[in-house]
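One-letter residues, chain by chain:
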Amino acid sequence: MATSDRLLRYAESRKNLAGCVCGLAGVGLALTGAAGALWPLVIGGLYGAGALIAPPERPDTPDFPDAGERLDALRADFTTLRGYLAEAELPDAARERLTALEALLEPGAVSDPEHLHVLARAVRQDIPEAVDTFVRTRWWSRFAPGTEPPEAHLERQLAALHEEATAIATALREAEAIRQEILTRYVEGRGG
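Calculation rules
- Residues numbered from 1 in each chain as written.
- Predicted model: local features only at pLDDT ≥ 70, side-chain atom pairs only at ≥ 80, totals over all residues.
- Heavy atoms only, no water.
- Helix = DSSP H or I, 4+ residues; strand = E, 2+ residues; numbered from the N terminus.
- Rg over C-alpha atoms; globule rule 2.2 N^0.38 Å.
- Buried < 20%, exposed > 50% of the residue type's maximum accessible area, 1.4 Å probe, protein only.
- Contact = heavy atoms within 4.5 Å.
- Areas by Shrake-Rupley, 256 points an atom, 1.4 Å probe, with all protein chains shown as cover.
- Lys, Arg positive; Asp, Glu negative; His and termini not counted.
- Charge placed at Lys NZ, Arg CZ, Asp CG, Glu CD.
- 1 Å grid on protein atoms, 1.4 Å probe; cavity = no way out; pocket = protein on both sides within 12 Å on 5 of 7 lines; lining within 4 Å.
- Points joined across faces, edges and corners; volume = space filled by probe spheres on them.
- Nonpolar A, V, L, I, M, F, W, Y, C, P; charged D, E, K, R; others polar.
- Core = buried A, V, L, I, M, F, W, Y, C linked by side-chain atoms within 4.5 Å.
- Axes fitted to C-alpha atoms, helices over the stretch in contact; angles between N-to-C directions.
- Parallel < 35°, antiparallel > 145°, perpendicular 65-115°, else oblique.
- Left-handed = near helix turned anticlockwise from the far one by under 90°.

As for the overall build of the protein
So, point 1. Each helix and strand counted, the protein has 7 helices and 0 strands in total.
So, point 2. Its C-alpha atoms give the protein a radius of gyration of 32 Å, clearly above 16 Å, the size a compact globule of 192 residues would have.
So, point 3. If one aligns the C-alpha atoms of the protein with their principal axes, the spans along those axes are about 100 × 70 × 25 Å.
So, point 4. Out of the 192 residues belonging to the protein, those deemed buried represent 21%.
So, point 5. The long-range fraction of contacts in the protein, counting pairs at least 24 apart against all pairs at least 6 apart in sequence, stands at 71%.
So, point 6. Only carbon and sulfur atoms are counted for the fraction: they give 61% of the accessible area of the protein, which is about 13500 Å².
So, point 7. Across the protein, the 20 positively charged side chains and the 29 negatively charged ones have centroids separated by 4 Å.

Focus on empty space enclosed by the protein
So, point 1. All told, the structure shown has 1 cavity of 30 Å³ or more when counted by the stated rule.
So, point 2. Roughly 50 Å³ of internal volume is contained in the largest cavity.
So, point 3. Arg97, Leu98, Leu101, Ile127, Leu158, Leu161, His162 and Ala165 are the residues that line the largest cavity.
So, point 4. Elements with a minimum of two residues in the lining of the largest cavity: helix H5 (92-104) and helix H7 (150-191).
So, point 5. The biggest single contributor to the lining of the largest cavity is H7, with 4 residues.
So, point 6. Of the residues assigned to the lining of the largest cavity, the class counts are 6 nonpolar, 1 polar and 1 charged.

Let's talk about the nonpolar core
So, point 1. The biggest cluster of nonpolar side chains holds 28 residues, and the ones touching the most others in it are Leu90, Leu119 and Ile127.
So, point 2. Tallying contributions element by element places helix H6 (residues 113-141) first for this core, with 10 residues.
So, point 3. Sequence-distant contacts of Leu119, defined by excluding residues within four places in its chain, comprise Leu74, Leu101, Leu104, Leu105, Val110 and Ile168.

Things to note about the side chain of Asn16
So, point 1. Tracing the backbone through its elements, the reader meets Asn16 in helix H2 (residues 14-32).
So, point 2. Its relative accessible area of 12% is what places Asn16 among the buried residues.
So, point 3. Apart from the residues within four sequence positions on either side, Asn16 is in contact with Tyr10, Ala11 and Tyr47.

Considering the packing of H2 against helix H3 (residues 39-53)
Any two packed helices are characterised by the angle at which their axes cross and by the distance between the axes.
So, point 1. The N-to-C vectors of H2 and H3 enclose an angle of 150 degrees; their axes lie 7 Å apart at closest approach. Taken together, H2 and H3 sit at an angle that is classed as roughly antiparallel. Remark: the crossing between H2 and H3 carries right-handed chirality. Listed contacts from H3 to Lys15, Asn16, Ala18, Gly19, Cys20, Cys22, Gly23, Ala25, Gly26, Val27, Leu29 and Ala30 of H2 are Trp39, Val42, Ile43, Leu46, Tyr47, Gly50, Ala51 and Leu52.
So, point 2. Looking at the contact of H2 with H3 residue by residue, the class counts come to 14 nonpolar, 5 polar and 1 charged.

Structure below.
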């Protein structure tokens, strides 16, 4: 199967097509009699020369999703996460911290790849892991009274994630303020 795929790829390659064109020129030379008795060598030589001078195949550039598509996928994952969080018994303070992420996932809110990475890591990894650990630990903590409550750890984890989200919101706010200031300068400078 792999051999036939390679043969098919070569048959469609630039090298083969250039070799065929040069080989056809050799056939033309043979038909006019210019190649003489060595016509098979002339045709084969011209095919080989054409295949050698043809540019190599270039792989197609990968088609990565743009920021809007990545944000849409992240929003769908957040909807799934919200369903998971609705089933988990979380303290109210923890639920409030989690809703802060929702504003950053609005369409067009975030386009910076670094910010998208931080949000994706929070939605797809950090929050589910923190909640799962809380739910599991909470059950075991009933057997070991006097230890630090798992709610405290969950609060600290979500506070750290909330700080990351706040930093993203601050960066977005600053970028919009700079953009608005630049536009104001442009419009004022145009009028003078």
